[in-house]
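Tertiary structure, described
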Amino acid sequence: MTEENVILVNEKDEPIGLMPKMEAHEKALLHRAFSVFIMNDKGETMLQQRASDKYHSPLLWTNTCCSHQREGESNIEAGKRRLMEEMGFTADLEELFSFVYKAPFDNGLTEHEFDHVMIGFHNDAPNINPREVADWKWMLPIDIKKDIAQNPAQYTEWFKIIFERFYDHLMKNIPAQ
């Protein structure tokens, strides 16, 4: 299997080239990425625990799915593709915002991403791909916020950054009791 390329971008999210994913992470070069949050009718967010053999952040909890767009693929198309590959279902997605972050890891790799954050809705259990996902759960945003404060080492770096920015939007999607 050949390694996937990522789309290198500038600070305006304009493509400037392609590079193998690992090389981009070794060199900490800015590249396009996306993060998908799935919510249910109860206002809960679906979290995934990354598989144990992931090359960084194994067994940490994070948003429903995330990855990198392929050349010629829209953000929404990429989000739907990866949602099916990791979680075994698809949903309509809406892009909410994007931002740049940089997070170094203990293994010498660095995520430096122009991240497009999307939301979708789904109520059923996923059919997880065990090569990608170790476990999953639904959590209310307020409970996620408390758990991140108490157990920050159990969550991916990008999820903690996104969640802080995304929290108010998640809270708007909780139905009145």
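Residues numbered from 1 in each chain as written. Predicted model: local features only at pLDDT ≥ 70, side-chain atom pairs only at ≥ 80, totals over all residues. Heavy atoms only, no water.

**Quick notes on the UniProt feature "domain: Nudix hydrolase" (unreviewed entry) in the protein**
Those residues carrying the UniProt feature "domain: Nudix hydrolase" (unreviewed entry) are residues 29–161 in this numbering. End-to-end, the C-alpha atoms of residues 29–161 are 19 Å apart, and along that stretch the chain is 21% helix and 38% strand. (UniProt positions renumbered as here; feature names shortened; annotations may be inferred. Helix = DSSP H or I, 4+ residues; strand = E, 2+ residues; numbered from the N terminus.)

**Points about the UniProt feature "active site" (unreviewed entry) in the protein**
This chain's UniProt record puts "active site" (unreviewed entry) on Cys66 and Glu113. The largest pairwise C-alpha distance within this set of annotated residues, which runs over 48 residues, is 11.5 Å, so the set is compact in three dimensions. Here Cys66 lies in strand β6 (residues 65–67). If near-sequence neighbours (up to four positions away) are discounted, Cys66 is found in contact with Phe34, Ser35, Arg82, Glu86 and Trp158. Tracing the backbone shows Glu113 in strand β8 (residues 110–121). Take Glu113: its relative accessible area is 5%, and that puts it in the buried class. Those residues in contact with Glu113 that lie beyond four places of it in its chain are His25, Leu30, His31, Ala33, His68, Phe99, Val100 and Tyr101. A polar contact of 2.9 Å, which involves the side chain of Glu113, links it to the side chain of His68. (Contact = heavy atoms within 4.5 Å. Buried < 20%, exposed > 50% of the residue type's maximum accessible area, 1.4 Å probe, protein only. Polar contact = N/O pair within 3.5 Å; in protein donor to acceptor, adjacent residues only side chain to side chain.)

**Observations concerning the nonpolar core**
Counting 21 residues, the largest nonpolar core has Leu47, Ile144, Tyr155, Trp158, Phe159 and Ile162 as the members making the most contacts within it. When residues in this core are grouped by element, the largest group, six residues, is from helix α4 (residues 157–172). Beyond its immediate chain neighbours, meaning those up to four positions away, Trp158 contacts Ser35, Arg50, His56, Ser57, Thr62, Asn63, Cys66, Tyr101 and Phe105. Core analysis: the next-biggest nonpolar cluster, separate from the first, contains 14 residues, Phe34, Leu83, Met87 and Met118 among them. (Core = buried A, V, L, I, M, F, W, Y, C linked by side-chain atoms within 4.5 Å.)

**Observations concerning helix α2 (residues 75–87)**
Between the first and last C-alpha of α2 there are 17 Å, a value that for 13 residues agrees with the 18 Å anticipated at 1.5 Å per step. Buried residues along α2 sit against β3 (31–39), β4 (45–50), β6, β7 (93–104), β8 and β9 (133–139). Downstream of α2 by one or two residues, Gly88 has phi in the positive range, about 75 degrees. (Expected span 1.5 Å × (residues − 1).)

**Concerning the pattern of salt bridges**
What the rule picks out here adds up to 12 salt bridges. With a closest N to O distance of 3.1 Å, Glu4 and Arg70 form a salt bridge. One end of the pair, Glu4, is in the segment before β1 (5–9); the other, Arg70, is in the loop between β6 and α2, with 66 residues separating them in the sequence. Since its relative accessible area comes to 32%, Glu4 is described here as partly exposed. Taking relative accessible area as the criterion, Arg70 reaches 33% and is therefore assigned partly exposed. We note a salt bridge from Glu132 to Lys54, for which the minimum N-O separation is 2.4 Å. Within this pair, whereas Glu132 is found in the loop between β8 and β9, its partner Lys54 is found in the loop between β4 and β5 (61–62), the two being separated by 78 residues in sequence. Taking the relative accessible area as the measure of exposure, Glu132 reaches 16% and is therefore buried. Overall, Lys54 belongs to the buried group, its relative accessible area being 18%. It is possible to trace a salt-bridge network through shared partners that takes in Glu4, Lys54, Arg70, Glu73, Arg81, Arg82, Glu85, Glu86 and Glu132. (Salt bridge = Lys/Arg side-chain N within 4 Å of Asp/Glu carboxyl O.)

**Here's the deal with the environment of Asp13**
Here Asp13 lies in the loop between β1 and β2 (15–20). On the accessibility criterion, Asp13 (14% relative accessible area) is buried. Placed 10 residues apart in sequence, Asp13 and Glu23 show a C-alpha to C-alpha distance of 19 Å. Ignoring anything within four residues of it in the chain, the contact list for Asp13 reads Arg32, Phe114 and His116.

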